[in-house]
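Given next are the chains, with one letter for each unit.
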Amino acid sequence: MINLEWVSDYIDISDLTPKELAEKVTESDINVEKIITNHIDNLVIGEVVECTNHPDSDHLHICKVNVGKETLQIVCGAPNVRVGLKAIVALPGTILPGDFEIKKSKIRGVESNGMLCALYELGLEEKNDATYSKGIYEGATNLKVGEDALKALDLESTVLELDIHKHRNNDCYYHIGFAYALGSILNRKVTLPDISFKEVNDNVKDHFNLEVATPKCSYYLAKMVKNIEIKESPEFIKKRLISAGMRSINNVVDISNYVMLEFGQPLHFFDYDSLGSKVLVRDAVNNEEITTLDNKERILTSNDIVITDGTTPKCIAGVMGGVDTEVTDNTKTILIESAIFDAVSIRNTAARLNLRSEASIRYGKGLNYEYTEMAIKRACHLLEKYANATVLAGTVKYDNVDKTEKVVTFKASEVNNLLGIEIDEADMEKEMDRLGFAYTLKDEVFTVTIPNRRLDIEPNVNDIAEEIVRLYGYHNLTATLPVVPIKKGEYKGDIKYRKFISKRLRMLGLTETKTYTLVSPSMAELFDYEQKEKVVLPNPMSVDKSVVRTTIIPSLINIYNYNKARKVEDIFLYEISKTYDKNYQEESKIAGLLKGNIVKSSWNGNIKCDFYVVKGIVEDILNSLGFTNRYAFVPAKLPNLHPGVSANILLDGEMLGIIGRVHPNTLKDEVYVFELSLNKLMRKVKPIKFKEPAKYPSIQKDVAFLIDRNINASEIEKMIKKSSSRLLKDISVFDVYLGDNIASDKKSIAFKLTYLDEAKTLTDEEVMNDFHQMIEKVTKEFNCEIRDN
């Protein structure tokens, strides 16, 4: 929330209405969601002229209230109502926040014609035990009866509710930052508030020692004030805090909140007498405890930052102070802290402890060290002025901030190329002046120094171009077609392989799916064949999306279950996606899941998916990429895969992936999966050679070997090739049989052999000689026999 009256202290906006200002701000890419005014009709100043107890209640009063034109009878339950009190009166017909309409009514049988109001009932204070116990608002005796209440009390304000893009960082979360944003939009100067004060001849360094023992604190300033008077805040501070949604507590606490909303720098005030003469800033110890200002015990971890008195935690840095060093009505000496803590650490601590506050939000966005110093000086100025404080000389400082200037050099042509328009150098100079960015222009080269208050801008031409076009005006952009040299495009890197493999898998009948990179802890443990350490999110959206996956197969299992629940019988899926390990090493993978009949045709019927169908799909991918004869399937026991129907896939002897049937304990259905590393497929291969189709007919022969179950088909296939002449052109497995008439330790594997002579037509005699010679060698090598039936 940005209070326009407050902003007007720093920049002149008197000539613009709130609507005009909101339009200009929105046009510059800072979106104004709402213009909020707290004006309420039928709200007037009234004076209680008579007050008697309600006959049927122990706490209600029957009041006669002069509202100017008439005197109304109003029943009121506030403990502080009395004769002579000037109060805020909501007349019948008033609509209070929450669409609560005040009507004439009877309260325990007594007529009531309005309502005497507390500030929280008007949305001007937070409702809590403290504000509730104060009762109705007590106005000054010089208020004029019958006047508009909010105007008379100077409580009427207009605020802008901003929807700030996350890249704007912290500069629009406080009033001076917003004033600078307005200054660039309106081309007006910003005047900073008074930060002057007098120091006495007594140095804070003689009373206080500082030690910082954590890299999570890069900047720490401390000043001391004495002889403070705790009292009510001046009206302008109370009103501005109320407009920002904060309640007034006392002058000292209010000043710390006021400076935070002004400079964006949270401050913390310690009761020095309770704190002692030493501050040690360190990381908390696991299970260390502190009682915070809300009187709750907090258990800390080593990820938190604490302010201690050398041993005991007195404050959770950047989040909430401890009750031990709270400023009370008896406080006379204050130690003021203005610091910069690690933004990520503060966000994590605030989230874990559920202590998200205005201060932690600002710490979590990062802070400008220049404002850290100005804020502590501003606090001293206000404490001196409104709490009669005596400011000690000197400042205790710890400074480990990188003060390297953010400098970017660019030419006007670079900005124009990015924006697609022509802005001349003179106009760019004007925009730099409006932004308040120091620059030089020499030989057509701008050298720009980005001020520290703009933490959101990186020293690159992209961010500078964005700032220039914001002020130049998006409405000045003209619609033009880009003029760029065009050349034939081609896929490069893993995209090339993704496209090729994806097309190949679709041709083979698989359907592509896309799933989340995040999975549940239980799913992340499935098919963990690589045993990689996983990334677990510290603050996940939900438990089922809390672990970064290292394999895609569990995600395909989820898709399978989804389809099965909807009575889909034949499921053939694949996904090509990235996976990540604990060190965020990225690896692209191809995974597939198959179940059911993969081919349906009038001439070949249904082909039920089994291990060899899936193996054939993997072989097709590898062969099409040029890896023929360079891969192998090696039986292996793999997690969540059937021990007798699973294998590692090797490429040039290196682990490439896995293949197999999902273990019945994981899925009862006959489901097959495979997964390959796309990264390992992206290697050089010899170009695939093509040759014309044979002119002469081929001859095919079928043979089935009855072999031991522990012998792989690939071993038989290698022996067939070795035992055959050059006439053998192709070998394929077309049947594996385990069943009746086969011994329990045996299996039957049937091969289809294709013979061809590219120079002439083969005779049966040539083929049969080669065929019988091969059979003799294979049966001898594996001590097996030919299956006749």
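Trainee: Sorry, what's going on with the state of the cysteines here?
Mentor: In protein chemistry, a disulfide is the covalent bond that joins the sulfur atoms of two cysteines. Evaluation of the coordinates by the stated rule reveals 0 disulfides. Residue C315 stays outside any disulfide, its sulfur separated by 11 Å from that of C217, the closest cysteine. With a relative accessible area of 3%, C315 lands in the buried category.

Trainee: For this particular structure, what's the right way to read the sheet that holds strand 42 (residues 728-737)?
Mentor: Strand pairing in a sheet relies on backbone hydrogen bonds. The paired strands run either parallel or antiparallel. Spatial ordering of the open sheet is given by 42-43-41-44, a layout of 4 strands whose pairing is antiparallel. Of all strands in the sheet, those with a lone pairing partner are strand 42 and strand 44 (785-786), marking the two edges. Examined bridge by bridge, strand 41 (residues 699-708) and strand 44 share 2 bridges and lie antiparallel to one another. Paired with L706 across the bridge in strand 44 is E785.

Trainee: I'm lost on the packing of helix 7 (residues 251-263) against helix 11 (residues 369-386) in this one. Help?
Mentor: Packed helix pairs are specified by the crossing angle of their axes together with the interaxial distance, meaning the distance between the axes. Running from N to C, helix 7 and helix 11 point in directions that differ by 145°, and their axes come no closer than 10 Å. The two elements helix 7 and helix 11 cross, and the hand of that crossing is right-handed. In this structure, helix 7 uses N251, V252, I255, Y258, V259, E262 and F263 to contact helix 11, whose residues at the interface are Y371, M374, A375, R378, A379, L382, L383 and Y386. Per-class residue counts for the contact of helix 7 with helix 11 are 12 nonpolar, 1 polar and 2 charged.

Trainee: Just checking my understanding: could you explain the pattern of salt bridges for this structure?
Mentor: Opposite charge on two side chains permits them to pair, given that their charged atoms come into close proximity. One pass over the full model with this rule turns up 47 salt bridges. Between K314 and D309 there is a salt bridge, with the nearest N and O atoms lying 3.9 Å from each other. Here K314 falls in the buried class, since its relative accessible area comes to 10%. For the salt bridge of R683 with E654, the shortest nitrogen-to-oxygen distance reads 3.0 Å. With a gap of 29 residues between them, R683 in the loop between helix 19 (678-681) and strand 41 and E654 in strand 39 (residues 654-662) connect regions that are remote in the sequence.

Trainee: What is the right way to look at the sheet that holds strand 27 (residues 438-442) in this model?
Mentor: Ordered in space as 26-28-27, the 3 strands form an open sheet in which the pairing is antiparallel. What marks the edges here is a single partner per strand, and that holds for strand 26 (406-411) and strand 27. On average, adjacent strands in this sheet sit at an angle of 15° to one another, irrespective of strand direction. Direction of pairing for strand 27 relative to strand 28 (residues 445-450): antiparallel, over a ladder of 5 bridges.

Trainee: Explanation requested: the side chain of E575 in the structure shown.
Mentor: Relative to the helices and strands, E575 is located in strand 33 (residues 571-580). Within the structure, the side chain of E575 is placed 2.7 Å from the side chain of T515, a separation counted as a polar contact. One polar contact links E575 to R549, side chain to side chain, over a distance of 3.1 Å. Non-local contacts of E575, meaning those with residues more than four positions away in its chain, are made with T513, K514, T515, R549, I552, L556, K589, I590 and A591.

What counts, and at which threshold
Residues numbered from 1 in each chain as written. Predicted model: local features only at pLDDT ≥ 70, side-chain atom pairs only at ≥ 80, totals over all residues. Heavy atoms only, no water. Disulfide = S-S within 2.5 Å. Buried < 20%, exposed > 50% of the residue type's maximum accessible area, 1.4 Å probe, protein only. Pairing = 2+ DSSP bridges. Helix = DSSP H or I, 4+ residues; strand = E, 2+ residues; numbered from the N terminus. Axes fitted to C-alpha atoms, helices over the stretch in contact; angles between N-to-C directions. Left-handed = near helix turned anticlockwise from the far one by under 90°. Contact = heavy atoms within 4.5 Å. Nonpolar A, V, L, I, M, F, W, Y, C, P; charged D, E, K, R; others polar. Salt bridge = Lys/Arg side-chain N within 4 Å of Asp/Glu carboxyl O. Polar contact = N/O pair within 3.5 Å; in protein donor to acceptor, adjacent residues only side chain to side chain.

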